[in-house]
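# Structure at a glance
The chain contents come next:
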Amino acid sequence: METLIQQLINGLALGSIYALIALGYTMVYGVLRLINFAHGDVYMLGTFAGYYTALRFGFSEAAPSFVRAALLLLVAMVVCAVAGLTIERLAYRPVRQASRLTALITAIGVSLFLENVGQIIFGANPKFFPQVLPPQQFPVYGAVVITTPDLAILGASLILTIGLHRLVHHTAFGRAMRAIAHDLDTAKLMGIDTNRVIALTFAIGSALAAAAGVLVALRYPKFDPLIGVTTGLKAFIAAVLGGIGNVSGAVLGGVIIGLAETMATGYLPATLNPYKDAVAFAILVAVLLVRPTGILGTTAPEKV
Amino acid sequence: MSEAGHRVVDAPSLLTAENLVVTYGAIEALHGVSLTVRKGEVVTLIGANGAGKTTTLKTIVGLLRPKYGRVIFDGVDVTGRPTHEIVGRGVALAPEGRGIFPDMTVLENLELGAYRQPDRIQFRRDLEQVCTLFPRVKERLKQRAGTLSGGEQQMVAIGRALMSRPSLLLLDEPSLGLAPLVTQTIFDALSELNRAGLTILLVEQNAHLALARSHRGYVLETGRLVMSGDANALAQDARVREAYLGQ
């Protein structure tokens, strides 16, 4: 029982990370019908942005502080928002009128570019994120504890997700995003500067990925320029699982993948443990067999 | 007999399209279309399917870029300007097939129409006007737009276009798929809007009704204007009667 609850907490924390990244995939897909394969690498950039900010300001284990952690989060979000804007402007906007295959190949190119430039600039060796949060544990139930990083992950993800939900459903900007997702030309007829809204969508998605990049490093400090590959792929699976283009679906998918992965780690026999990464894919295949549009996805007619 | 009684012949031009040539890839859809809409007029563009009516409207509002030619709105050359800017200058298009956002509420659709309106007081005033014009819309404000009937959706589409406070309203087949009685309601509303000063350029397959409510008309045939003139005169013209009025 205690193991189960502990794994639930771990799974929710990991799931929140996937959810934050999945939101970026799903938002960009919503407005552009583009799978932004570079999104996982923006998440990686977020971790590095947080890391170098911590180094620059001398934040370390020596003086743990929530405020400092929050500051790292904010700086990383701003850096990646700018990165997202730049990627959209330089890589995706020029091929907007081209076929979707062209855009997809461009996305893969941007991804490879970021991964390799990352290795050149940051070095390929793993680095360790300073643990800037106070190392505390809070008892939950019996021997079950929740750590400060877990609390930070859950709290920050919740705030960001609620914030995004409000943005999408209760603001003019959110309406514009949804209008573009439905039909680009009609959105233009509403007087919406669609280029601007699409660019800002990239910025917001990238900022969320950056938040995930810093939050994850507070719990799993080891990172390198290729961390975006697997994590990005799993978050993408989460977005598809929940129904790509659907904001609630991305959160749901993220939590499911996170829970499944920790449960697999906790309960699979040790010999099968190396296969824990396969769990996400197995779930994806199973769900898509039954519901090709994902759990919350709707059968939208393919746009021509 | 035209119901649009007052004379607007001498009014200044609000919209001028000059020699528009529009291509889709290798196919030329418009081969030099020129037309004028004066302030206060209702002008109808009639023509068969594929004649280029929708293409003309899309070019005016900047969704399509002409290969040659110019679009002058309110004295300003808006050729090749982005659509949101042209909308901001006072052109609104209620597109073919209505183009409402089915998953949003009627109110959200109308809010989108007022996307460039920062003034909430003005927004409420405009909303009130749309609700007065179409009482059915008022009853359905909180409803998902996709659940509305075709006629109600058309009212939402027109209402949404009005929310941007346009000086020129473009309508693409407002009667498409609607029952005659509903069509009548829509056209009554358009006449009322025109009497209040709104300039309207209309594309219609229902040429009979459209000409009856217009000051002037243009006949488009495979990307070329073949006739133009007073709406009454067009409605009486033997060729128009044969080709578009089924008489």
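Higher on the page you've got the structure.
Residues numbered from 1 in each chain as written. Chains lettered and ligands numbered in written order. Predicted model: local features only at pLDDT ≥ 70, side-chain atom pairs only at ≥ 80, totals over all residues. Heavy atoms only, no water.

### What about the packing of helix α6 (residues 172-182) of chain A against helix α3 (residues 106-113) of chain B?
Between α6(A) and α3(B), the shortest axis-to-axis distance is 10 Å and the interhelical angle comes to 100°. The orientation of α6(A) relative to α3(B) falls into the category roughly perpendicular. Contacts from Arg175(A), Ala176(A), Arg178(A) and Ala179(A) in α6(A) reach Glu108(B), Glu111(B) and Leu112(B) in α3(B). Considering only residue class, the contact of α6(A) with α3(B) consists of three nonpolar, no polar and four charged. (Axes fitted to C-alpha atoms, helices over the stretch in contact; angles between N-to-C directions. Helix = DSSP H or I, 4+ residues; strand = E, 2+ residues; numbered from the N terminus. Parallel < 35°, antiparallel > 145°, perpendicular 65-115°, else oblique. Contact = heavy atoms within 4.5 Å. Nonpolar A, V, L, I, M, F, W, Y, C, P; charged D, E, K, R; others polar.)

### Topic: the interface of chain A and chain B
Across the boundary between the two partners, chain A contributes 17 residues, which contact 19 residues of chain B. Scanning the region where chain A abuts chain B turns up two salt bridges. One salt bridge in this structure joins Arg178(A) and Glu108(B), with 2.8 Å as the shortest N-O distance. Between the two partners, chain A and chain B, sit three residue pairs in polar contact (both at pLDDT 80 or more). Secondary structure elements with two or more residues in the side of chain A that touches chain B: α6 and α7 (184-189) of chain A. Across the side of chain A that touches chain B, the residue classes tally to eight nonpolar, four polar and five charged. (Salt bridge = Lys/Arg side-chain N within 4 Å of Asp/Glu carboxyl O. Polar contact = N/O pair within 3.5 Å; in protein donor to acceptor, adjacent residues only side chain to side chain.)

### Quick notes on the packing of α6(A) against helix α8 (residues 194-219) of chain A
Residues and elements named next belong to chain A. Viewed as axis vectors pointing N to C, α6 and α8 meet at an angle of 105°, and their least axial separation amounts to 10 Å. Considering the angle they form, α6 stands roughly perpendicular to α8. On α8, the residues that touch Phe173, Ala176, Met177 and Ile180 of α6 are Thr194, Val197, Ile198, Leu200, Thr201 and Ile204. Among the residues making up the contact of α6 with α8, the classes are represented as eight nonpolar, two polar and no charged.

### Some remarks on helix α2 (residues 39-57) of chain A
Residue and element names in this part refer to chain A. Taking 1.5 Å of rise per residue, the 19 residues of α2 would be expected to cover 27 Å, and the 27 Å separating its terminal C-alpha atoms lies within 8% of that figure. In terms of burial, α2 is a largely internal element, 15 of the 19 residues being buried. Gly58, located one to two residues past α2, shows a positive phi value of around 70°. (Expected span 1.5 Å × (residues − 1). Buried < 20%, exposed > 50% of the residue type's maximum accessible area, 1.4 Å probe, protein only.)

### Considering the sheet that holds strand β6 (residues 91-94) of chain B
Residues and elements named next belong to chain B. Ordered in space as β6-β7-β8-β3-β9-β10, the six strands form an open sheet in which the pairing is mixed. Pairing within the sheet leaves two strands with one partner each, and these edge strands are β6 and β10 (224-230). Shown here is a sheet whose adjacent strand axes are inclined to one another by a mean of 15°, direction ignored. Here five bridges tie strand β3 (residues 42-47) to strand β8 (residues 199-204), and the two strands are oriented parallel to one another. Bridged to Val42 within β8 is Ile200. (Pairing = 2+ DSSP bridges.)

### A word on the sheet that holds strand β5 (residues 76-77) of chain B
Either a parallel or an antiparallel arrangement is found when strands of a sheet pair, and the pairing is made through backbone hydrogen bonds. All names here are of chain B. An order of β2-β1-β4-β5 is seen for the four strands of this open sheet, with the pairing classed as antiparallel. The outermost strands of the open sheet, each flanked by one partner alone, are β2 (27-38) and β5. Strand direction decides the pairing type here: strand β1 (residues 13-24) and strand β4 (residues 68-73), joined by five bridges, are antiparallel. By the bridge assignment for β4, Ala17 is matched with Val71. This element, helix α1 (residues 53-60), spans β1, β2 and β4 of the sheet and lies at about 65° to β2.

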